Amino acid sequence: MIGKLLPPPIAVCEVFDDPPVLEMYPEERAVVANAVPERRREFGTVRACARKALGELGYAPGPILPGAARAPQWPPGAIGAMTHCRGYRAAAVARAADVLTIGLDAEPHLPLPDRGVRELVTLPEERTALDRLSALRPEVCWDRLLFSAKESVYKAWYPLARRWLDFEEAALTIDPDDATFHARLLVDGPVVDGRPLTGFDGRWLVESGLVVTAIAVVR
């Protein structure tokens, strides 16, 4: 699925279930030692995906530990993103010389739990657009898609800015025809490749009961 959303310089790996035996490094097991079994499984499987994708780029296997703001600590010279939800684990990685940042998120293709959550993660103009999209294409859970896109925006933003980005600090527009989205940043972004970062462009996909969103800023 994510191979349809991300360009070739990026190596990807995805699985739809967990292996019978999780292969984790001791350092990784220590991170989730007190977690519930589901958390340990998703933590271990998504890192196995990341190692497989890194292997395609020539990186030796090793532990992938969470760092600041829980962002993965990638090997020197590599960047990437991981995501997991019920029934899906995926990772996308690239060489930093080729790609500046990656954002990736997957969610169950279901409406957000209630309107309170929708109000929390959207801006007024986004809610108006969601109502219009729902009338146009009711088969798509647009509120969940927008939530996923904002998660991808944050994952693409954080490695560049090294600071939090709240849901209300980016305004999203979704194109239902070409399956793309644009995020306009409402706060000052860092200077990237000599220019201030003002937003991100991404792609989305609804398939196999999932909504997946992805961003790649290629050098």
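The coordinates are above.
Summary of the structure given here.

Analysis parameters
Residues numbered from 1 in each chain as written. Predicted model: local features only at pLDDT ≥ 70, side-chain atom pairs only at ≥ 80, totals over all residues. Heavy atoms only, no water. Pairing = 2+ DSSP bridges. Helix = DSSP H or I, 4+ residues; strand = E, 2+ residues; numbered from the N terminus. Axes fitted to C-alpha atoms, helices over the stretch in contact; angles between N-to-C directions. Contact = heavy atoms within 4.5 Å. Expected span 1.5 Å × (residues − 1). Buried < 20%, exposed > 50% of the residue type's maximum accessible area, 1.4 Å probe, protein only. Arc of directions from axis to C-beta.

1. So, the sheet that holds strand S5 (residues 170-175)
Sheet strands pair by backbone hydrogen bonding; their relative direction is either parallel or antiparallel.
In step 1: The strand order S4-S10-S9-S6-S5 describes an open sheet built from five strands, whose pairing is antiparallel. Sheet topology places strand S4 (99-108) and S5 at the edges, where each strand pairs with a single neighbour. Each strand axis lies, on average, 20° off the axis of its neighbour in the sheet, ignoring direction.
In step 2: Examined bridge by bridge, S5 and strand S6 (residues 180-185) share six bridges and lie antiparallel to one another. By the bridge assignment for S6, Thr-173 is matched with His-182.
In step 3: In this fold helix H4 (residues 124-136) packs onto S5 and S6, with an angle of close to 15° to the strand it touches most, S5.

2. Digging into H4
In step 1: Its 13 residues give H4 an end-to-end C-alpha distance of 19 Å, which sits within 8% of 18 Å, the value for a rise of 1.5 Å per residue.
In step 2: Those residues of H4 lying buried are Glu-126, Arg-127, Ala-129, Leu-130 and Leu-133. For H4, the buried positions fall inside an angular range of 160° around the axis, keeping them on one side. In this structure, H4 carries Arg-132 and Ala-135 as exposed residues pointing more than 90 degrees from its buried face.
In step 3: If you follow the buried residues of H4, they end up packed against helix H3 (115-121), helix H5 (142-161) and S5.

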